[in-house]
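As a plain string of letters, each chain reads:
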Amino acid sequence: MGDTHQENTADPSLKRWYKNPVYVVGGCVALVIFALIVAFAIHSLMLKRAHQMAERAWVRVQGATIIGPLVQHNVPRATILFQNTGRSPALTTNIRLVMTVWTSNKLPDWEMPPNLTTDAERVGVIGPGSVVSQPLSLMRPLTDEQGMYLERKDWFIVILGLVSYSDIFDNLHETKLCLIWRDTSNERLSPCEKWNDAD
């Protein structure tokens, strides 16, 4: 009974700690300080990200031209212009491109093939506002069958590409591109309805 009596007498003092103004005020102050620290950290992170977005490099396709004609035994040749529209240099820039005869009149629903070429063209640094040109051609001359379907516009010339680079903040970025030659009356390639994205 002595032990029980001691527990009963100790419990009220333990349960009444939160009724003490000193404990209540101290807890509230600590909670407010913690909330302010968290809010400051989140705000600082948002400012840092906004600054990086405003000052980072952006590599995009400025334009693309191709030279035909789309007849058998010919090798179409294209030139793609890439521009850094950002405020700082694009570093360690690598460009992968492949030109192919697309054996269909529409693009499939699956994702862009990740392996475009075996080797990447190392461009290096692209300064802000600078433009670099990248030539490429079909890997082999057009066959009789390809020339026939291309002339009938059942098949198309398609260029797939991937540009990888880092910005001055050591963040990695990728620009995916898909260009198609639908209107063979001019030398300009137009963007595909999918597979064009820049992060």
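Everything that follows concerns the structure shown earlier in this document.
Residues numbered from 1 in each chain as written. Predicted model: local features only at pLDDT ≥ 70, side-chain atom pairs only at ≥ 80, totals over all residues. Heavy atoms only, no water.

### Brief notes about the packing of aromatic side chains
For the record, the criterion: Working definition: rings of Phe, Tyr and Trp (its six-membered ring) pair if their centres are within 6.5 Å, and the pair is stacked with planes under 30 degrees apart, edge-to-face with planes over 60 apart, and tilted otherwise. Secondary structure elements follow DSSP: runs of H or I of four or more residues count as helices, runs of E of two or more count as strands, with numbering from the N terminus. Burial classification: accessible surface area is computed with a 1.4 Å probe over protein chains only, and a residue below 20% of its type maximum counts as buried, one above 50% as exposed, and the rest as partly exposed. Placement of a charge over a ring requires the Lys NZ or Arg CZ to be within 6 Å of the ring centre, with the centre-to-atom vector within 35 degrees of the ring normal.
A complete count under the given rule lists 2 aromatic pairs for this structure. Aromatic side chains Trp102 and Trp195 sit 5.8 Å apart centroid to centroid with 65° between the ring planes, which places their arrangement in the edge-to-face category. Note that Trp102 is positioned in strand E3 (residues 90-102) and Trp195 in the loop between strand E8 (190-191) and strand E9 (197-198), a separation of 93 residues in sequence. Of the two residues, Trp102 and Trp195, neither departs from the other in class, the shared state being buried. Relative to Trp155, the ring of Tyr149 lies with its centre 4.3 Å away and its plane at 15°, an arrangement referred to as stacked. Overall, the relative accessible area of 24% leaves Tyr149 in the partly exposed class. The class of Trp155 is buried, set by a relative accessible area of 14%. Looking at Arg56, its charged tip hangs above the ring of Trp58, at a distance of 3.5 Å from the centre. Positioned above the aromatic ring of Phe156 is the side chain of Arg182, whose terminal nitrogen or guanidinium carbon lies 5.0 Å from the ring centre.

### Observations concerning the sheet that holds strand E1 (residues 59-67)
Defined as follows: DSSP-based pairing: two strands are paired if at least 2 bridges between them are found. Lines fitted to the C-alpha atoms define the axes, with helices restricted to the stretch that makes contact. Angles between their N-to-C directions range from 0 to 180 degrees.
One open sheet accounts for 3 strands, arranged E1-E2-E5; its pairing is antiparallel. If you trace the sheet from one side to the other, it starts and ends with E1 and strand E5 (131-137), each paired once. Geometrically, the sheet is characterised by an average inter-axis angle of 20° between neighbouring strands, direction not taken into account. Note: E1 against strand E2 (residues 77-84), 8 bridges, orientation antiparallel.

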